[in-house]
Amino acid sequence: MHRARFVPQPRHAPLQVLGDHVQPLVVADDLAGYELFEVSTPQDSGPPPHSHPWSETFYVLEGELVFELERDTHRAGPGAVVLVPANVQHTYRVLSPRARFLALNSPAGAHAFFAQLHERVRAMPDDLPALVEVAKAHGLRSPVFGP
């Protein structure tokens, strides 16, 4: 049986993922059935177009981003919510000097992916083969590296 719990501060180590600071707040090991991250990212950063087997919700805390959801483009500032169902291609790019957002993922799976990227991918483009290998192992698809 799951029990309610209070977590006064993050219990999980922060991750560096392709230049982004990713602080896991809730992960699969917490028995929540979802994962929650606080992401701080610099201007012009963002992943290539991709999809993954988990749904993802973004809540923008600071800064401005542009999201591409399938064929639609949306500018998002503080307070904006972006909902991305599982297996839907999407990407974002940071327009402001920095941005900070929460990312909620369900079911769990993103933390394991981010943790492997943190361990194996340090510099692009040198580590591109490792990035593709990790992404495919976690069910990600992208026009950049194929299904």
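Residues numbered from 1 in each chain as written. Predicted model: local features only at pLDDT ≥ 70, side-chain atom pairs only at ≥ 80, totals over all residues. Heavy atoms only, no water.

Visitor: In this structure, what is going on with the sheet that holds strand β1 (residues 15-17)? I would like to understand it.
Guide: The strands that make up a sheet are held in pairs by hydrogen bonds between backbone atoms, and each pair lies either parallel or antiparallel. Taken together, the six strands give an open sheet; going across it, the order is β1-β2-β3-β9-β4-β7, and neighbouring strands pair in antiparallel fashion. Each edge of the open sheet is held by one strand with a lone partner, namely β1 and β7 (81-84). Between one strand axis and the next, the sheet turns through 25° on average, direction left out of account. For strand β4 (residues 55-62) and β7, the ladder comprises four bridges, and the chain directions are antiparallel. The partner of T57 across the bridge, within β7, is L83. Contacting β1, β2 (20-26), β3 (35-42) and β9 (98-106), helix α1 (residues 110-120) crosses the sheet at an angle of about 80° to β1. (Pairing = 2+ DSSP bridges. Helix = DSSP H or I, 4+ residues; strand = E, 2+ residues; numbered from the N terminus. Axes fitted to C-alpha atoms, helices over the stretch in contact; angles between N-to-C directions. Contact = heavy atoms within 4.5 Å.)

Visitor: I would appreciate a short explanation of the side chain of T41 in the present structure.
Guide: Among the structural elements, T41 can be located in strand β3. On the basis of relative accessible area, T41 is assigned to the buried category, the value being 0%. Looking at T41, its side chain comes within polar contact range of the side chain of S45, at 2.2 Å. (Buried < 20%, exposed > 50% of the residue type's maximum accessible area, 1.4 Å probe, protein only. Polar contact = N/O pair within 3.5 Å; in protein donor to acceptor, adjacent residues only side chain to side chain.)

Visitor: What is the right way to look at the pattern of salt bridges in this model?
Guide: Working definition: two side chains of opposite charge can pair if their charged atoms are close together. Under the criterion given, the structure shown has four salt bridges. For R100, the salt bridge goes to E62, with nearest N and O atoms at 2.9 Å. Residue R100 is located in strand β9, and its partner E62 is located in strand β4; the two are separated by 38 residues in the primary sequence. Looking at E62, the relative accessible area reads 42%, which means it is partly exposed. Notably, a salt bridge pairs R120 with E133, separated by 3.3 Å at the nearest N-O pair. Within this pair, whereas R120 is found in helix α1, its partner E133 is found in helix α2 (residues 128-137), the two being separated by 13 residues in sequence. Here the salt bridges share partners, and the residues they tie into one network are E38, E62 and R100. (Salt bridge = Lys/Arg side-chain N within 4 Å of Asp/Glu carboxyl O.)

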